[in-house]
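Coordinate analysis (summary)
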Amino acid sequence: MPNIDAPQALRIDPEERSDLVVTAIAVLVAMLACAVYWAVLVSSHNEQLRGAEQQSQLRAQQISKALLSQVETLVGGLDFATRSLAEELSHKSPEGFNATVRTVVQSYPQGSILQIAIADRSGKVIYANPAPDPWSPLPANVGDREHFRVHQDNSRTGAADRLFISAPVLGRVSGQWSIQLSRALRRNGEFDGILVISLSPHYISDFFQSIFDSERDVVMLLRQDGRYLARSQGEQAVLGKAVPDSREYLRNNHLMHGTYEAVARVDGIARYYAWSRAQAYPLVINVGLDKDAALAGVQQAIQASRQRNLLGIAIVLGGVLVISWLRLQRSRAKALLRAKDERLAKLVTQVPGAIYQYKLATDGTSSFPYASPGIADIYGFTPDELATNAAKVFNLIHPDDLESVKATIMASAHDLTPWECKYRVGTSTGGCRWLHGYARPERLPDSSILWHGYLHDITTEQAIQQALHESEERLRLTLDAVRDGLWEWDTERGTLHWDARCYELLGYPDRGFPMGLGAFLDLVHPLDVDRCRIDQAQHLESNRIYRTEFRLRRASGEWLWVESRGQLLPATEHRPARMMGTLSDIGERVTQAQVRRALLDQSAAAIFLATPDRRISHANARAIELFAPNGHALIGKDFRIIHTDEASFAAFGEHYQALRQAGSVRLEWRLRDNRGRVRWFNAHGSLLGEDDPNGSVIWTMLDTDAQHRAMDAQELAQQRLTAIIEQFPGGVLVEDQAEQRIVVANQALCQLGGTGWSPRDLVGRTHAELAARLPADLLVPPPGEDAAPDAWECHLDDGRDVAVERIPLHSAGTPVGLFWFIRDITERKRRETALAALAATDPLTGLANRRTFMARMNDELHEQRRGRHGPSVLVMLDLDHFKRVNDTYGHAAGDRVLQHLAGLMQAALRRDDLAGRLGGEEFAVLLSDTDLDGGGAMAERLRIALETTPARTDTGELFVTASLGVTLFRPPFDSPEDCLARADAALYEAKHRGRNRVMVRDEDRGFPITHAAPVRDA
């Protein structure tokens, strides 16, 4: 805010006081009106919320009544089903009862009915469907269950017999929850047990869950006592539990429906609940709708309405305040403006130079409508003298700068761009001063141009820059002589400046791209960036001479080696700390160094430069690596340091005479490396200067120790190889590739083949001569579809089996010979044959085991699909009541019965048929090239043979029977598993129909009974 005098700030004139009173009254009226409007709005919103709650409760009530109707229909149907089943059971017709059970199960969706069961008067379950044999007694008793005790008590008290719905119970065997719908059974008026239909609570929960899209809405089916029967969400958490006792439908049984609001203990969700009570059954349907979701739409609308109205109220109040504030500001504007003009006048007098307005009229005349008093110090004229005519100023401008000043003024007037110019003006003493002017133009309504700007004297700064320019020019001439670039780095601002030569070194025009520290580092080779940063940091810390070498990317994309040198200049009063230095092209020098390093340091040979007195004056990297002692240098040492002893040094020196006469010499010499090892070297010496025989000598030492050692090792390896071949556990033969003659053979080969020759006799003979002495085809690979194999087995006439391996020998990719290895594998083949028989047969019965039988079935199906023979039949066989044999007579007798059956099966089969034991007392027979009638007849013969032929055991003769299932292979649709499944189904049908019979599975005729006989106990 403007700074005004305190007495003036405290004065309030009458007009301002009147405006203040009017403003206060307007603000109070507006606030009161907004408060009344907001109270009416809140009341309207509350009415909307109450209406939304009523609609949600009404919707929940409608859903509960509709679902109650569905549940009553479901329970009524099951009630009728229990009466029908009880009536059918009273007729003592198991077939009719089973048919009625199937009808009931098929009448309801799959999974809704878990089980239909009957318990006798003691609670023992005597019937359960589904089960393989529903009428087989089960080891289960429901005498302690609620539904059984209720019917039992009703029969004692004479209460009416009706359907009872139990709370969900957890199955002791199945582990599943179920709702028991039960009815009492009576015989001669007495309680005779119960009939139970187990209904799945999960099915009911899934049905309820399908009603709603939201997982936060819920439907509950409850008993009259509040126990949960089903819940659409969180079923597992509530089964076996009850709702709170405080619920209205539990306290007032005469009410048929109602609503309430609560937070569920199961999931913590607040809901609107509506419940309906069934009239015919003790059931309650309770529907809960998510409160947040039900009110979400209304609450969002209310929130949006409140936001809009708050915004409107804020706008109204804000408008009142703004208008009031503007009224107050208008009354104070004139006083503030006067105070501002006074302060501006004081400020302008303190500004160095002059602040001005310069006007260029359309007729070409110019003037200074406003100028600060400082303009008199610059031009020598007062502001009043220049107010109407500026021509006097142009008369003072230096003739060399006058046209430039006029041109910049006209350009600024034409484009309305800022005017800036440095120029000279004359002084009264005959000298000149430098001025710097800056102004921004604007076009006036009469098309004249008015500039607002400032002028200041820069004579001193210009003189300093001129002196600096001359100094830089002299430095530039010096640098041009040495072709170096010049750079300057402001260490505080991080700015970097290059001269034209730096750009030229990289192939760019002067200032070809903006230069800065980041742009410079982008040009540095990635491998050199870190070193550049470290060198710069160390220089700034220590202030030592900065000198480093690195690579810069040229405009062509190539890399240029440069050397950068510089010095840190200390900060002064007027300039911050900065570095200045030069940039030099050292590409040629680096290239020469790299070539020299490639020729010397990268050489695989050790290179020495020896003085005439046999001292080392230079050594390359390989020489240092081989001979330099740890932590010691080679330069200045005599050659004794690499010789094994004094005698070696002296003997080596005797060759110098031949070297100086011939100019070079080559030797094989043993030298000692820096690890103390003695190694062979090929030493080549040559004079450094051909015209100076007594000068320095270049020695090139090439390591040949590996070659010498290889020749020694080769001779030793030959001896070892001969000994190894002779002791090899088998016949060994090596042939030459070119002449096909024998190079090496051992005694085992001669003995294995019975040639009558010794290994020495074989050397030099041809492959054909040896093959003629060996058993026929021993060295001949068996014929095959592909190329001849390199390994095969051969059976000799004397009963032996041998394994032959032929290994081609190559050298550098070229075949040079053949290596033959022949072993006696007779004993191994015998073991393999025995193991194969054990792996394919059942050890007890001698029949094919399951794996072998399944493999044969796969082969059979494959052959049928290719049409190579007729149909095939699969017979499944299972001994009847075999467990009684083991329990009564022992497992030894059981094993004899299984062996007896295996013998009968093998006697009844043809050569191409296969019998197998699949496991326990379960057997199978595969009949090739047989139709379904033939398979059934064979199965019947086997059944009769087993029934009429006793098994002889240690406890006496035992008669057993079997049930058989027969089916036909049906390629190409069958798999072995499909065939086994059909045959197994036929077998179990035979057992179901009384055992000791053959059932033929025909896909067109079902399960016709082909043969049967009475069951004879074992």
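Residues numbered from 1 in each chain as written. Predicted model: local features only at pLDDT ≥ 70, side-chain atom pairs only at ≥ 80, totals over all residues. Heavy atoms only, no water.

Here the focus is the overall build of the protein chain. Secondary structure summary: the protein chain contains 30 helices and 39 strands in total. In terms of C-alpha radius of gyration, the protein chain reaches 58 Å, well past the compact-globule figure of 31 Å for 1018 residues. The C-alpha extent of the protein chain, read off along each of the three principal axes, is 155 × 125 × 50 Å. The burial tally for the protein chain puts 39% of its 1018 residues in the buried class. A separation threshold of at least 6 residues defines the contact pool for the protein chain, and within that pool the share at least 24 residues apart is 50%. (Helix = DSSP H or I, 4+ residues; strand = E, 2+ residues; numbered from the N terminus. Rg over C-alpha atoms; globule rule 2.2 N^0.38 Å. Buried < 20%, exposed > 50% of the residue type's maximum accessible area, 1.4 Å probe, protein only. Contact = heavy atoms within 4.5 Å.)

Turning next to the confidence of the model for the protein chain. When pLDDT is averaged along the protein chain, the result is 83; 90% of the residues meet or exceed 70. In this model residues 1–10 is a low-confidence stretch, pLDDT under 50, and it forms seven contacts with partners more than four residues away in sequence or in other chains. Predicted confidence is poor over residues 1006–1018, with pLDDT under 50, and the contacts of this stretch with residues over four places away or in other chains come to 43 contacts. (pLDDT = per-residue confidence, 0-100.)

What follows is about the sheet that holds strand β13 (residues 366–371). With antiparallel pairing, five strands are arranged side by side in an open sheet as β13-β12-β16-β15-β14. Among the strands making up the open sheet, the edge pair consists of β13 and β14 (419–426). Here the average twist between neighbouring strands, direction ignored, is 30 degrees. The sheet contact formed by strand β15 (residues 432–443) and strand β16 (residues 449–457) spans nine bridges and is antiparallel. From the neighbouring strand, Tyr-438 faces β16, where its bridge partner is Tyr-454. Each of β12 (354–360), β14, β15 and β16 is contacted by helix α12 (residues 399–415), which is oriented at about 155 degrees to β14, the strand it contacts most. (Pairing = 2+ DSSP bridges. Axes fitted to C-alpha atoms, helices over the stretch in contact; angles between N-to-C directions.)

The next thing to look at is a nonpolar patch on the surface. On the surface, Val-21, Ile-25 and Val-29 cluster together into a nonpolar patch covering about 280 Å² of accessible area. Mapped onto the fold, Val-21 is located in helix α2 (residues 14–90). (Patch = residues over 30% accessible without salt bridge, like charges linked within 9 Å, V, L, I, M, F, W, Y side chains within 5 Å. Areas by Shrake-Rupley, 256 points an atom, 1.4 Å probe, with all protein chains shown as cover. Salt bridge = Lys/Arg side-chain N within 4 Å of Asp/Glu carboxyl O.)

Attention shifts here to the pattern of salt bridges. A full pass over the atoms with the stated rule returns 47 salt bridges. The residue Arg-223 makes a salt bridge to Glu-146 at a minimum N-O spacing of 3.1 Å. In this pair, Arg-223 sits in strand β7 (residues 218–223) while Glu-146 sits in helix α4 (residues 146–157), placing the two residues 77 residues apart along the sequence. Given the relative accessible area of 30%, Glu-146 is considered partly exposed.

Moving on, we get to the environment of Gly-437. The topology assignment puts Gly-437 in strand β15. Residues Gly-437 and Cys-421 lie 16 residues apart in sequence; the distance between their C-alpha atoms is 5.4 Å. Not counting chain neighbours up to four residues away, the residues in contact with Gly-437 comprise Trp-419, Glu-420, Cys-421, Tyr-454 and Leu-455.

One finds Phe-208, Leu-221, Leu-283 and Val-287 to be the most contacted residues of the largest nonpolar core, which totals 41 residues. Looking at which element gives the most residues to this core, the answer is α2, with eleven residues. Contact partners of Val-287, with chain neighbours within four places excluded, come to Ala-60, Ile-63, Ser-64, Leu-67, Phe-212, Val-218, Val-219, Tyr-272, Tyr-273 and Ala-274. Among the nonpolar cores identified, the runner-up in size contains 32 residues, and Val-885, Leu-927, Ala-962 and Val-966 belong to it. (Core = buried A, V, L, I, M, F, W, Y, C linked by side-chain atoms within 4.5 Å.)

As a further point, take the packing of helix α26 (residues 850–865) against helix α30 (residues 976–992). Put simply, α26 and α30 touch, their axes get as near as 9 Å, and they point 110 degrees apart. For the element pair α26 / α30, the angle class is roughly perpendicular. Between α26 and α30, the contacting residues are Arg-850, Met-854, Met-857, Asn-858 and Leu-861 on the first element and Pro-976, Glu-977, Cys-979 and Leu-980 on the second. When the residues that make up the contact of α26 with α30 are grouped by side-chain class, the tally is six nonpolar, one polar and two charged. (Parallel < 35°, antiparallel > 145°, perpendicular 65-115°, else oblique. Nonpolar A, V, L, I, M, F, W, Y, C, P; charged D, E, K, R; others polar.)

A separate point is the pairing of strand β2 (residues 125–129). Every regular strand shows the same layout, with side chains that alternate between the two sheet faces. The pairing of strand β1 (residues 113–119) with β2 spans four bridges and is antiparallel. Its bridge partner being in β2, Ala-119 is matched across the sheet by Val-125. Joining the antiparallel neighbours β1 and β2 is a turn of five residues, in which Gly-123 adopts a positive phi near 95 degrees.

A few words now on the packing of helix α28 (residues 891–908) against helix α29 (residues 932–948). Running from amino to carboxyl end, α28 crosses α29 at an angle of 140 degrees, the nearest separation of the two axes being 10 Å. Accordingly, the angle class assigned to the pair α28 and α29 is oblique. The hand of the α28/α29 crossing is right-handed. Of α29, the residues touching α28 (which contributes His-900, Leu-901, Leu-904, Met-905 and Ala-908) are Met-938, Leu-942, Ala-945 and Leu-946. Looking at the contact of α28 with α29 residue by residue, the class counts come to eight nonpolar, one polar and no charged. (Left-handed = near helix turned anticlockwise from the far one by under 90°.)

Scanning all chains against the criterion turns up three cavities of 30 Å³ or more. When its volume is computed, the largest cavity comes out at roughly 170 Å³. Considering the residues around the largest cavity, the lining is formed by 14 residues, among which Tyr-358, Phe-368, Ile-409, Trp-419 and Tyr-423 are closest to the centre. Residue assignment for the lining of the largest cavity shows that the elements contributing at least two residues are β12, α11 (391–396), α12, β14 and β16. In terms of residue class, the lining of the largest cavity is built from 14 nonpolar, no polar and no charged. Its volume calculated, the second largest cavity comes out at about 120 Å³. Lining the second largest cavity are Trp-487, Trp-489, Leu-496, Trp-498, Leu-517, Phe-520, Gln-536, Tyr-546, Phe-550, Ser-564, Met-579 and Leu-583. Of all the secondary-structure elements, those providing two or more residues to the lining of the second largest cavity are β17 (485–490), β18 (495–498), α15 (517–523), β19 (546–553) and β21 (578–585). Its residues placed into classes, the lining of the second largest cavity shows ten nonpolar, two polar and no charged. (1 Å grid on protein atoms, 1.4 Å probe; cavity = no way out; pocket = protein on both sides within 12 Å on 5 of 7 lines; lining within 4 Å. Points joined across faces, edges and corners; volume = space filled by probe spheres on them.)

Now for the packing of aromatic side chains. Throughout the structure, instances matching the rule amount to 24 aromatic pairs. Seen from their ring centres, Tyr-260 and Tyr-273 are 5.0 Å apart, and the 10 degrees between their planes marks the pair as stacked. Residue Tyr-260 is found in strand β9 (residues 257–263), and its partner Tyr-273 is found in strand β10 (residues 270–277); the two are separated by 13 residues along the sequence. Comparing Tyr-260 with Tyr-273, the two get one shared label, buried. Feature note: the residues Trp-498, Tyr-503, Tyr-508, Phe-513, Phe-520 and Phe-550 constitute an aromatic cluster, connected by ring pairs. Note that Arg-614 overlies the ring of Phe-649, its terminal NZ or CZ placed 3.7 Å from the centroid. We note Arg-765 situated over the ring of Trp-757; from NZ or CZ to the ring centre the distance is 4.1 Å. (Phe/Tyr/Trp six-rings, centres within 6.5 Å; stacked < 30°, edge-to-face > 60°. Lys NZ or Arg CZ within 6 Å of the ring centre and 35° of its normal.)

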